[in-house]
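Per-entry structural report
These are the residues of each chain, in order.
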Amino acid sequence: MTGTVINYYAGGNTALGFQSFFESNLQGLKRLYILKGGPGTGKSTLMKKIGEEWKDRGYRIEYIHCSSDNNSIDGVIIRELGVGVVDGTAPHVIEPIAPGAVEEYVNLGEAWDSKKLTSHKEEIIDLTKEISKSFQTAYQLFNEGLKIHDEWEKIYISNFNVTEANKLADELIDEFFGGVQLNKKADVKHRFLGAATPKGPVDFIQNLTADIPHRYFIKGRPGSGKSTILKKIAAKAEDLGYDVEIYHCGFDPNSLDMVIMRELGIAIFDSTAPHEHFPDRETDQIIDLYPRLIKEGTDEKYSEELNEIIARYSAKMKEATTHLAKAKELHDKLENIYSSAMNFSVVNDHYERIRKEIIEIEKSM
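Residues numbered from 1 in each chain as written. Predicted model: local features only at pLDDT ≥ 70, side-chain atom pairs only at ≥ 80, totals over all residues. Heavy atoms only, no water.

1. Details of the overall build of the chain
Secondary structure summary: the chain contains 11 helices and 16 strands in total. For a compact globule of 365 residues, the expected C-alpha radius of gyration is about 21 Å, and the chain comes in at 22 Å, within 12% of that figure. Viewed in the frame of its principal axes, the chain has a C-alpha envelope of about 70 × 50 × 35 Å. Within the chain, buried positions represent 53% of all 365 residues. Within the chain, contacts between residues separated by at least 24 positions form 80% of all contacts whose residues are at least 6 apart in sequence. (Helix = DSSP H or I, 4+ residues; strand = E, 2+ residues; numbered from the N terminus. Rg over C-alpha atoms; globule rule 2.2 N^0.38 Å. Buried < 20%, exposed > 50% of the residue type's maximum accessible area, 1.4 Å probe, protein only. Contact = heavy atoms within 4.5 Å.)

Pasting the structure below:
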C-alpha cells in the first residue's frame, strides 16, 4: 500500500530575514541524520530517495520544502519511525541535542575533489557574496513591503469592531472544543503556511488539508483580525491538550495563517491572496469577517487610498521576488561548480548506509 505525503515549509524568506521553525518539527525524533556539504552535493536528491522508498512502503512522509529553490527539499521525516534526514547547512543550521545518540552528521563533502574546487576558488567566493547580497536585498524589500502592508491594515483596524471579533473567536472555540479537555500534553508544531520563493508565493494548503473533514476558509481584509482569531484558537487547543499545527505567515512570521487540529478533523485558515482558495466540499465553510467586523462602507470610503497602497505593495513584492530569482540563478551556477567536482558514488554509499539503518529501525518497531 502506497503511503501519503504532506508538504510544508519550516524555513522562510520573510520581511524579518530568514526565519526557521526546523527545531519545532524535529522534536521527538529518535534518529536524525544531518547532511553537511556544499550546494550541488546531492543532499536534496538523497532525501527525496529516502522519502519515495518509505512512501512506497506505506508510510506517511513529511517533505520540508526549500523556500529558496522550488525543486529542492530541506528535509524528509518518517514520523512513524521517529526518523528524519535534513539539510544541516546554512541558513538552517541545526544544533544537535544528543550528538551520536540521536543526531548524526553525514559529510557529503567527502565526495568532492578539492583540487577541482580550488581552481574555481575566486568564482565560488564571488558567487557566494552575490547570493548573500541578493537575499539581503530581497529581505530589505520585503521589510519595506511589510511597512506598506501596515498602512493597508491601519485603515481597517480603525474601522474594526473588537468586541464582535472577540465574540466570534469565542463562538469558534466553543464550536471546535466544546470545553472538552484531553488528559495529555499537546504536541505543537510551528511551520510556515507558504513561502516567498524565486517563483513567487507558494502554499500547500490543499495538500495539508486533504484528509481534514472540516475546513474553515477565513475571508477578510488586512487588519480584520484573522491572525488574532487563529492565535486564540491555537492557544486554546494547546491549553486543552489537543495536538496543533500552527502555520505562520511566510511574509510576516509574527502573524498566523492557519491552524490544524487533526484529532478534531479541523483546519481553519486565512484564505485571502496570496493563498486564496475556495470551498469545493460540502463540509467546507466560509467565515467572512468583513461584513461582521468592519464598519460598513469602509472599502468604498477609502477606495482611492487603498488602490494606491495595494499598487505600492504589489510592486515591492514583485521587486523582492526578482532578487530571490537572481539568488537562485547564482546558486545554480555554484551548484554546477560543486557537482562537477563530485564523486556521487560516495554519496550513494552514504545513502545506502542510511537506508539500511532506517530498515533496521523499522524492523525493531
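2. Looking at the UniProt feature "coiled-coil region" (unreviewed entry) in the chain
The sites that carry the UniProt feature "coiled-coil region" (unreviewed entry) are, in the present numbering, residues 310-337. Annotation note: span residues 310-337, helix share 100%, strand share 0%, distance between end C-alpha atoms 41 Å. (UniProt positions renumbered as here; feature names shortened; annotations may be inferred.)

3. With respect to the environment of E104
With respect to the helices and strands, the residue E104 is situated in strand β8 (residues 103-107). As a C-alpha pair, E104 and L32 span 72 residues in sequence and 6.3 Å in three-dimensional space. Excluding anything up to four places from it in sequence, E104 contacts R31, L32, Y33, I34, R353 and E357. A polar side-chain atom of E104 sits 2.7 Å from a polar atom in the side chain of R31. (Polar contact = N/O pair within 3.5 Å; in protein donor to acceptor, adjacent residues only side chain to side chain.)

4. A closer look at the pattern of salt bridges
Per the stated rule, a full pass over the model turns up 29 salt bridges. Across the pair E104 and R353 runs a salt bridge, and its minimum N-O distance is 2.8 Å. Taken together, the residues E104 in strand β8 and R353 in helix α11 (residues 344-364) connect sequence positions 249 residues apart. Taking relative accessible area as the criterion, E104 reaches 17% and is therefore assigned buried. Exposure remark for R353: the relative accessible area of 27% places this residue in the partly exposed category. With a shortest N-O distance of 2.9 Å, D284 and R215 are connected by a salt bridge. Of the two residues, D284 is situated in the loop between β15 (266-270) and β16 (285-288) and R215 in strand β12 (residues 214-219); the sequence distance between them amounts to 69 residues. The same class applies to D284 and to R215, which are both buried. Each of R60, E62, R79, R191, D211, E245 and R262 takes part in a single network of salt bridges with overlapping partners. (Salt bridge = Lys/Arg side-chain N within 4 Å of Asp/Glu carboxyl O.)

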